[in-house]
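Geometric and topological summary
The chain contents come next:
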Amino acid sequence: SQLSIKDLHFDGVPMRIYLPGKPSASKRRGVVFIHGGCGIFGSIRSYERICRYIARKSDSVVVSVGYHLAPEHKYPAQTLECLTATEHFLRTAETYGVDPARVIVCGDSVGGTFTASVCQELVHRTDIPKIRAQVLIYPFLQALNFNLPSHQKNAAIAFLSRERTVHFILKYLNKNCSLKEPILAGSHVPESINLKYRKWINPDLIPDVFKLGYKPPLPTLFLPQVHEEVQELFEPRVSPLLAEDAVVCGLPDTCIVTCEHDVLRDEGLLYKKRLEDNNVRVTWHHVEKGFH
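Not measured: the values here are computed from a predicted model.

Looking now at helix 10 (residues 265-277). Along an α-helix, residues three or four apart share an orientation, since each turn contains 3.6 residues. Across its 13 residues, helix 10 extends 19 Å between first and last C-alpha, which sits within 8% of the 18 Å expected from 1.5 Å per residue. The buried fraction of helix 10 amounts to ten of the 13 residues, a majority that puts the element mostly inside the structure. For helix 10, the complete set of buried residues consists of R265, D266, E267, G268, L269, L270, Y271, K272, R274 and L275. Tucked inside the fold, the buried residues of helix 10 contact helix 3 (110-121), strand 6 (133-137), helix 4 (149-153), helix 9 (245-248), strand 7 (253-261) and strand 8 (282-291). Positive phi shows up at N279, right after helix 10, with a value of about 60 degrees.

Following this line, the structure appears as structure tokens:
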């Protein structure tokens, strides 16, 4: 009763819009919400209650993106649809009573990946309004190193184990799941790439309080054939942590949510550091008893 809810399409992308019922004296804030589910699960419908809650509690207009799922819709269709939907909303925000200068993009898990990617892709655009902020809720941000402290500590945690993380990435990219073991070991990353990105993806950058019991992994054998099979893992659309500083320094204010019992915890911590190193304002919420 407090919201008007409609199903729409933004340039061919299915959307659901949640409009607060009460009249507003000024233009409202807007939220583009991108759901999680590894790119292969989830829907507008499964995130209905969350989007209603955000719209009611923040008195904002929320648009939920119903991007088409992999593997039927091949990567990078998901990121591109999220980008298309966000661009469309920024251009037409005033139609929905929204101030185009007060639009945030928000997502959980792979929705956080898509959020990070959309914000990176829009950094240098001058033809549409700037995104005001991004909210990344336990995002997946890199596919180079699956042996960070949080991967070790939470390897067998329910819902998203370390092994299932890589399994779902391979499903999302429509790759053979037999590649899982060498990727978990790090055999897909040549030494040149390891050296290049060590400044950004490195357990040494994670605060000591999060490294109790951590054991650095033994060196692993590089397998060129595996590397060739999974080139997409090295693209910022899959691994936003690999974006260059020239992009990262232009990102909007950011809120990052991490959970203690989550394999992806350290990716949020590493991205937080990268953003702060590039003078981007970051708010960080860590849920000590939280899990993915």
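Ordered in space as 1-2-4-3-5-6-7-8, the eight strands form an open sheet in which the pairing is mixed. The open sheet terminates on both sides in strands that have one partner only, identified here as strand 1 (3-10) and strand 8. Across the sheet, the mean angle from the axis of one strand to that of its neighbour is 20 degrees, orientation sign disregarded. Against the sheet, helix 1 (residues 48-58) makes contact with strand 1, strand 2 (13-20), strand 3 (28-34) and strand 4 (61-65), and its axis sits at roughly 40 degrees relative to strand 2, the strand it touches most.

As a further point, take the environment of V226. Following the sequence through the fold, V226 ends up in helix 8 (residues 224-229). Overall, the relative accessible area of 5% leaves V226 in the buried class. For the pair V226 and E121, spaced 105 residues apart in the sequence, the C-alpha separation amounts to 28 Å. Residues within four places of V226 in sequence aside, it is in contact with L179, P182, I183 and H188.

About the cut-offs
- Residues numbered from 1 in each chain as written.
- Predicted model: local features only at pLDDT ≥ 70, side-chain atom pairs only at ≥ 80, totals over all residues.
- Heavy atoms only, no water.
- Helix = DSSP H or I, 4+ residues; strand = E, 2+ residues; numbered from the N terminus.
- Expected span 1.5 Å × (residues − 1).
- Buried < 20%, exposed > 50% of the residue type's maximum accessible area, 1.4 Å probe, protein only.
- Contact = heavy atoms within 4.5 Å.
- Pairing = 2+ DSSP bridges.
- Axes fitted to C-alpha atoms, helices over the stretch in contact; angles between N-to-C directions.

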